[in-house]
Amino acid sequence: MTVQVGVVMDPIGSIKIAKDSTFAMLLEAQRREWRIQYMELNDLFLSDGKPYARMREVEVFEDFEGWHRLSPEFTKPLSSLDVIMMRKDPPFNMEYVYTTYLLERAESEGVLVVNKPQALRDANEKVYTAWFSQCTPPTLVTREYQDIKSFLQQYDDIILKPLEGMGGASVFRVSSADPNLNVVMETLTNHQTKFCMAQSFIPEISEGDKRVLLIDGEPTPFSLARIPAPGETRGNLAVGAKGIGKDLSERDRWICEQVGPTLKKTGILFAGLDIIGDYLTEINVTSPTGIRELDAIYKVNISGLLFDAIEKQLNSH
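Just so it is clear, the model here is predicted, and its values are computed rather than measured. (Residues numbered from 1 in each chain as written. Predicted model: local features only at pLDDT ≥ 70, side-chain atom pairs only at ≥ 80, totals over all residues. Heavy atoms only, no water.)

Caption draft 1: Focus on the sheet that holds strand E17 (residues 279-284). If you trace the five strands from one edge of the open sheet to the other, you get E15-E14-E13-E16-E17, paired in antiparallel fashion. A single partner strand is all that each edge strand has here, and the edge strands are strand E15 (242-247) and E17. Strand-to-strand twist across the sheet, computed as the mean angle between neighbouring axes with direction ignored, equals 30 degrees. In the sheet, strand E13 (residues 209-215) pairs with strand E14 (residues 218-227) via six bridges, with the strands oriented antiparallel. Bridge assignment links lysine 210 to a residue of E14, and that residue is alanine 225. Sheet strands touched by helix H6 (residues 250-266): E13, E14, E15, strand E16 (270-276) and E17. Its angle to E16, the strand with the most contacts, is close to 145 degrees. (Pairing = 2+ DSSP bridges. Helix = DSSP H or I, 4+ residues; strand = E, 2+ residues; numbered from the N terminus. Axes fitted to C-alpha atoms, helices over the stretch in contact; angles between N-to-C directions. Contact = heavy atoms within 4.5 Å.)

Below, the structure written as structure tokens:
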């Protein structure tokens, strides 16, 4: 029987296929002769407790001029699918949360949702590191200016970032002498009405912010070290960082051993850990990236490993 897989993602016409992990997954699904149904958030709806979507079957091609072809739109219940890949990028806001409710209704009707909707709600990519504080640098989550000032006084050089962002957006490095501290705090906390995160600055960022991909709780053999661009602190490809491959260190593997079993238990089949130096800084569960770059560097097929894990779950689902 042909597997029916739905993919909820950002508009496919706007992706950059050279580095888009969702595109790598679509290619793998197509290689396995799965039928792929494409959806955006606006296509999903709930009627009398039953989840539906306006879907379009999609074909994908390794062609920078034209990488997809969509069928005419049709509407079907989400329960017609075997698997749904939730690959919508952050921001993780209430619209994202509402979407997980619809996907959870599909899950209740027997659909395998990757990652599990409840886990997507529970595992905020910044705050979830608190469950593994033995792996993290000194970290503070607060809305209060005085808390931030005390943390800065203690560590002198810190990173401040919002809890819902991605791609390095609104990430600030501040020191005790920074004249912009007040405006940074005002911006991130919206005048002490929103939580933000502070972490002590890790100098090893110069050697890269490592992305380690975990499949069903187990790490893939390599990390993608994202080296900040000159004059930058942020190791995000979206802001010009350069990606290079690195073998996992003993410390990287230890961090994966701390985090992996919990991710597996909670239904997070695919995750990306961000590790700087010896420290875990984020746990990416919404739409982790890095597949295309690691595949290109090491001539591997990470999507193949992921889909093997999905097939295993389907067989026991």
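Caption draft 2: Just the pairing of strand E10 (residues 157-162), in detail. By the criterion of burial, E10 is predominantly enclosed, with six of the six residues buried. Of the two faces of E10, the one lined by Asp157, Ile159 and Lys161 and the one lined by Ile158, Leu160 and Pro162 are each fully buried. Across four bridges, the pairing between E10 and strand E11 (residues 172-175) is antiparallel. From the neighbouring strand, isoleucine 158 faces E11, where its bridge partner is valine 174. (Buried < 20%, exposed > 50% of the residue type's maximum accessible area, 1.4 Å probe, protein only.)

Caption draft 3: Structural view of the nonpolar core. Leu78, Ile84, Leu263, Leu273 and Ile283 are the most contacted members of the largest nonpolar core, which totals 37 residues. Elements that contribute at least two residues to this core include exactly strand E4 (50-60), strand E7 (83-86), helix H2 (94-108), helix H3 (117-122), E13, H6, E16 and E17. Element by element, the count of residues in this core is highest for H2, at five residues. With near-sequence residues (within four places) excluded, leucine 273 lies in contact with Lys210, Arg211, Val212, Leu214, Ile255, Cys256, Val259, Leu263, Leu280, Glu282 and Ile283. (Core = buried A, V, L, I, M, F, W, Y, C linked by side-chain atoms within 4.5 Å.)

Caption draft 4: View of the pattern of salt bridges. Under the criterion given, the structure shown has 21 salt bridges. A salt bridge links glutamate 109 to lysine 50, with the shortest nitrogen-to-oxygen separation between them at 3.4 Å. Placement of the pair is glutamate 109 in the loop between H2 and strand E8 (112-114) and lysine 50 in strand E4, with a sequence separation of 59 residues. Given a relative accessible area of 30%, glutamate 109 falls into the partly exposed group. (Salt bridge = Lys/Arg side-chain N within 4 Å of Asp/Glu carboxyl O.)

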